[in-house]
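# Tertiary structure, described
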Amino acid sequence: MAKLTNEQKQKIVLACKQDITFFAKHICGSELSPKQIEFAIKWLVSLRTTFKGGVGFGKTHIMAILILWALFTHNDVQVTIFGPGESQIKDGIWKEIGIIWGRMDPEWKDLFDYQATRLSRKDSPTGAFAAYRLANKDNIESARGIHMRNNFVFVDEASGVPDEIFQVLGNIFTDQNPKLCLISNPARTTGFFYDTWEHEDISTIWTKVHGKMSDNPRLAKEAYEAMAIGYGGKGSRDYRINVEGEFPLDEVDGVIPAHLVREAIENTLAVAPFEGERDEQPTFSFVNEASR
Ligand SMILES: Nc1ncnc2c1ncn2[C@@H]1O[C@H](COP(=O)(O)OP(=O)(O)OP(=O)(O)O)[C@@H](O)[C@H]1O
Ligand SMILES: [Mg+2]
C-alpha cells in the first residue's frame, strides 16, 4: 500500500470509528458474519452485554476485533480481558489478537506494540492499552482498581469465572464510558453468567446475544452435521451446549437426567418399591392409581 498522508489516515480512523465492519474488513482483513455484526453493534450501544453461544462460530475472533478497534479509535482507553485460565487466554483471545495484528498492513500494524501480556498503541502506551488478567478464586483482587475514561472489560469463558470477580468488576460503572461484556459457552446452570440470562432481576439489565454453531458461514454442511452427531445428536446435553448454544437442562450430566428424577419424585401415580424381607425380590411397579 502506498504511504498515506496524515490527513488520509485520520479519515480512515474516523471511518473505522463509525463502522466496526469497515475496520474489520479494511484494517483486519476480516469479513464479519451477521452474528458477529449483531454482537458488535449491541456491544457498542450497551453497558452490559452477555454473549452465549455454541462452539467455533467466531466469538473469540469478534472479541479480538473489538479490542483492536477500541485501541485504534479511542484515547484514554483501557481494555481488560479476564478468563479462568492463563493458557486458555494465551491460546485463545491473545493469540487471535496476535494473528489479526500480524496480518495488518505495516502502516497500521506499526501503530501497535503487541507483547506477551500487553497490547498498546505506541503513541500512547499508558493511554491506550489492553491486558489480560486471571479470574479465579485466588485472584479476586485482580478485578479491583480498573479505571479509565473508556473502560472496556471482556470476560471470556465467563461461566467458569467465580461470582466474586463480577461483584468487584461492578466498580467500573463509576467511570465515564464503561462496558462489561461476558462471553461463554453456556456450560453451567449456576453462577453469574447464567444469572445474566435467567435471573428474574439481573437478566433485565443485560443486553443479550445468542449464537449457534450454525452461525458459522465458514463451516460446510457436511462438517456441521458430522460435528453435531459427534456432540451426541439432538436432545443430548453436549448438543444443547455446543451446537445450539443453550444452557443444559441440568447442572450435572448424570446417568438419569435430574429433571426426569424430579418428575418421577413428583409423580403421585408412581408406586414406591415394595419394602419386604431381605431375601425377597423388590418389586418395582409404576401402576396407574386409577386402574387399581
Ligand atoms: N469473520 C471471520 N473471518 C475470518 N476468520 C474468522 C472469522 N470469525 C472467526 N474466524 C476464524 O474461525 C476460527 C474459530 O473462531 P473463534 O475461535 O473466534 O470461535 P469461537 O466461537 O470463539 O470458538 P470456541 O467456542 O471454540 O471458543 C478461528 O480460527 C478464527 O480466526
Ligand atoms: Mg473462543
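Everything here concerns the structure above.
Figured I'd write up the structure that's included with this text. Numbering of residues starts from 1 in every chain and runs along the sequence as written. Starting at A for chains and at 1 for ligands, labels are handed out in the order in which the entities are written. Where totals are concerned, whole chains, interfaces and linings use all residues; where local detail is concerned, this predicted model gives features only for residues with pLDDT of at least 70, and gives and counts side-chain atom pairs only at 80 or more. Each side-chain value is worked out from all heavy atoms of the structure, with water and hydrogens disregarded.

## Examining the site of ligand 1
Each residue is tested against the molecule or strand, and it is near if at least one of its non-hydrogen atoms lies within 4 Å. For ligand 1, the set of nearby residues contains 15 residues, the closest of which are Glu31, Lys59, Thr60, His61 and Glu96. In protein, a polar contact means a hydrogen-donor-capable atom and an acceptor-capable atom, both N or O and within 3.5 Å, with residues adjacent in sequence counting only if both atoms are side-chain atoms; elsewhere, any N or O pair within 3.5 Å suffices. At 2.9 Å from a nitrogen atom of ligand 1 is found a main-chain nitrogen or oxygen belonging to Glu31. The backbone of His61 places a nitrogen or oxygen atom 2.7 Å from an oxygen atom of ligand 1. Compared with its free state, where it exposes 630 Å², ligand 1 has 68% of that area covered by protein. Here the nonpolar group is Ala, Val, Leu, Ile, Met, Phe, Trp, Tyr, Cys and Pro; Asp, Glu, Lys and Arg are the charged ones; every other residue, Gly included, is treated as polar. Broken down by class, the residue content of the shell around ligand 1 amounts to 3 nonpolar, 8 polar and 4 charged. Computed by Shrake-Rupley with a 1.4 Å probe, the accessible areas treat only the displayed protein chains as cover when residues are assessed.

## A look at the side chain of Thr50
Take Thr50: it is sitting in strand S1 (residues 48–53). Of note is the side chain of Thr50, whose polar atom sits 3.0 Å from the side chain of Trp197. Beyond its immediate stretch of four places on either side in the chain, Thr50 contacts Leu182, Phe193, Thr196, Trp197, Trp206, Thr207, Lys208 and Val209. Helix and strand labels come from DSSP, where a helix needs a run of H or I of at least four residues and a strand needs a run of E of at least two; each type is numbered from the N terminus. Residues count as neighbours in contact if any of their non-hydrogen atoms are within 4.5 Å of one another.

## Considering the nonpolar core
Residues belong to a common nonpolar core when they are buried Ala, Val, Leu, Ile, Met, Phe, Trp, Tyr or Cys residues joined through side-chain atoms within 4.5 Å. For each residue, the accessible area found with a 1.4 Å probe, counting protein chains only, is set against the maximum for its type, and the residue is called buried under 20%, exposed over 50%, and partly exposed in between. If you look at the biggest cluster of nonpolar residues, it comprises 45 residues, and the most contacted ones within it are Phe23, Ile65, Ile67, Val79, Ile97 and Phe154. Counting only elements with at least two residues in this core, the list comes to helix H2 (20–26), helix H3 (34–45), helix H4 (59–73), strand S2 (77–83), helix H5 (86–102), strand S5 (124–134), strand S6 (150–155) and strand S7 (177–184). Ranked by residues supplied to this core, first place goes to H4 with 11 residues. With residues near it in sequence (within four places) discarded, Ile65 still touches Ile20, Phe23, Ala24, Cys28, Ser30, Leu32 and Ile100.

## Thoughts on the state of the cysteines
Any cysteine sulfur atom paired with another within 2.5 Å is treated as part of a disulfide. Enumeration over the complete set of coordinates arrives at 0 disulfides. Cys16 takes part in no disulfide bond, and the closest cysteine sulfur, belonging to Cys28, lies 8.1 Å away. Its relative accessible area of 0% is what places Cys16 among the buried residues. Judged by relative accessible area, which is 1%, Cys28 ranks as buried.

## Notes on empty space enclosed by the protein
Think of a 1 Å grid over the protein atoms and nothing else: a 1.4 Å probe that fits but is trapped marks a cavity, an open set flanked by protein within 12 Å on at least five of seven lines marks a pocket, and residues with an atom within 4 Å of a point count as lining. Grid points are joined across faces, edges and corners, and a volume is the space filled by probe spheres set on the points. Taken as a whole and assessed by the stated rule, the structure comprises 1 cavity of 30 Å³ or more. Its boundaries defined by the atoms lining it, the largest cavity holds a volume of some 40 Å³. Along its surface, the largest cavity is lined by Ala158, Ser159, Val161, Asp163, Arg188, Thr190, Gly191, Phe192, Phe193 and Tyr194. Among the elements that line the lining of the largest cavity, the one with the most residues is helix H8 (residues 192–198), at 3 residues. Of the residues contributing to the lining of the largest cavity, the split by class is 5 nonpolar, 3 polar and 2 charged.

## Let's talk about H5
The largest bend along H5 reaches roughly 40° and is located at Lys95. Regarding H5, the residues found buried are Ile89, Gly92, Ile93, Trp94, Glu96, Ile97, Gly98, Ile100 and Trp101. Buried positions along H5 lie against H4, S2, helix H6 (106–109), strand S3 (112–114), strand S4 (118–121) and S5. Bend, at a single residue, is the angle you get between axes fitted to the 7 residues ending at that residue and the 7 residues starting at it.

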